[in-house]
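Descriptive structure summary
Spelled out from the first residue to the last, the chains are:
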Amino acid sequence: MSTLPSHILDHLTEQTRLCISRLTANGFDKTDISQHPRSAAVLVLLFEKAGQLRVLLTTRSKQLRTHPGQTALPGGRKDVTDRDFIETALREANEEVALPRHCPNVHLLGALQPYTTLMGFRVSSVVAFLSDNSILDRLKPNPAEVDRIFEHPLEGILDPQIVKVDEVSTKPDDWPYEQELFHNYDDEVVPALGNTVYRVHHFRTTASLVTGLTSDILLDVAEIAYGRLAAFERYTEKRLSGI
């Protein structure tokens, strides 16, 4: 069961309470990546707005050397002073979007098994719930790292068609597909993984498209939270551990 106080749960929809309960029951992955030379962590910050569970996202600065202009979850590389990957995720969220450190309204729900990227990073995903939406109004993008802070319905990652009733009505500049599409994918051959075909999902949002590792992490979180698989074929040949 969720560890959130009852006075918080009582003000949430039944569906959000169930999502929180499933994520909490999934627990914290115990994989220790602290000694990995390229360990990193991201924060999947969830909150309820207008009865809908949503997730906080950012568009990376176009001035960054890696993945400029792409959608990302707040996060980054582990510092030597970080005690664990949870501290990494929360510290990075503070540095990138000014999420307060040691905030009593940020409730940790769990952590997923780390992904390994083609660049050699081991990335842990920390899932948390924000119980005070007024904090969202005080978030500010760090211009050195983030161009924009935005949000997206978590269930829209499982079933992209539901975003038609959301605010995603104008096709963003980086959406290369038809106006009526809210999800698409490319099957890419990955030489570093023995020429395995890997399915890269793309989701349309109010800002930059969600793709790559971010889309995989959100799919994992959404499938756990809602207790069902995505409404589309997620994999090709077999499940891999990142791109």
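An unreviewed UniProt entry lists the chain under the name Nudix hydrolase domain-containing protein, with Marasmiellus scandens given as the organism.

1. Here we look at the overall build of the chain
The helix and strand inventory of the chain stands at 6 helices and 10 strands. For a compact globule of 243 residues, the expected C-alpha radius of gyration is about 18 Å, and the chain comes in at 17 Å, within 12% of that figure. Once the C-alpha set of the chain is aligned to its principal axes, its extents read approximately 50 × 45 × 35 Å. Out of the 243 residues in the chain, the part that is buried amounts to 52%. Looking at the chain alone, contacts between residues at least 24 apart form 64% of all its contacts between residues at least 6 apart.

2. What about the nonpolar core?
The biggest cluster of nonpolar side chains holds 39 residues, and the ones touching the most others in it are Val44, Leu46 and Phe129. For this core, the secondary-structure elements that each account for two or more residues are helix H1 (6-9), helix H2 (14-26), strand S1 (39-49), strand S2 (52-60), strand S5 (106-116), strand S6 (122-130), helix H5 (155-158) and helix H6 (212-226). Counting 21 residues, the second largest nonpolar core, distinct from the first, contains Leu45, Ala89, Cys103 and Val106.

3. Concerning the pattern of salt bridges
Counting across every chain of the model gives 13 salt bridges. The closest approach of N and O atoms between Lys62 and Asp147, which form a salt bridge, is 3.8 Å. Linking Lys62 in the loop between S2 and strand S3 (71-72) with Asp147 in strand S7 (residues 146-153), this pair joins segments that are 85 residues apart in sequence. Among the salt bridges present, the one from Arg83 reaches Glu87, with a minimum N-O distance of 2.7 Å.

4. Some remarks on the sheet that holds strand S9 (residues 196-203)
Strand order in the open sheet formed by 3 strands is S8-S9-S10, with antiparallel pairing between adjacent strands. One side of each edge strand has no neighbouring strand; the edge strands of this open sheet are strand S8 (183-190) and strand S10 (210-211). Bridge count for S9 against S10 is 2 bridges, and the pairing is antiparallel. Directly across from Phe203, in S10, lies its bridge partner Val210.

5. Here's the deal with unusual backbone geometry
If you check the backbone angles, Ala98 has positive phi at about 65° while not being a glycine. Among the structural elements, Ala98 can be located in the loop between helix H3 (85-97) and S5. Within the chain, His102 stands out as a residue other than glycine whose phi angle is a positive 55°. Within the secondary structure, His102 is located in the loop between H3 and S5.

6. What to know about the pairing of S6
Among the 9 residues in S6, 8 count as buried, and that is most of the element. Here S1 runs beside S6; their pairing, made up of 8 bridges, is parallel. Its bridge partner being in S6, Leu43 is matched across the sheet by Val126. In terms of strand pairing, S5 meets S6 through 8 bridges, oriented antiparallel. Across the sheet, Tyr115 pairs through a bridge with Val123, a residue of S6. Where S5 folds back on S6, the antiparallel hairpin that results is connected by 5 residues, among which Gly120 adopts a positive phi of roughly 90°.

7. A few points about H2
Its 13 residues place the ends of H2 18 Å apart at the C-alpha level, agreeing with the 18 Å of an ideal helix rising 1.5 Å per residue. Those residues of H2 that fall on the buried side of the exposure criterion are Thr16, Cys19, Ile20, Ser21, Leu23 and Thr24. Of the surrounding elements, those touching the buried residues of H2 are S1, S2, S5, S6 and H6. Just past H2, the residue Gly27 takes up positive phi, approximately 80°.

Cut-off values and rules
Residues numbered from 1 in each chain as written. Predicted model: local features only at pLDDT ≥ 70, side-chain atom pairs only at ≥ 80, totals over all residues. Heavy atoms only, no water. Helix = DSSP H or I, 4+ residues; strand = E, 2+ residues; numbered from the N terminus. Rg over C-alpha atoms; globule rule 2.2 N^0.38 Å. Buried < 20%, exposed > 50% of the residue type's maximum accessible area, 1.4 Å probe, protein only. Contact = heavy atoms within 4.5 Å. Core = buried A, V, L, I, M, F, W, Y, C linked by side-chain atoms within 4.5 Å. Salt bridge = Lys/Arg side-chain N within 4 Å of Asp/Glu carboxyl O. Pairing = 2+ DSSP bridges. Expected span 1.5 Å × (residues − 1).

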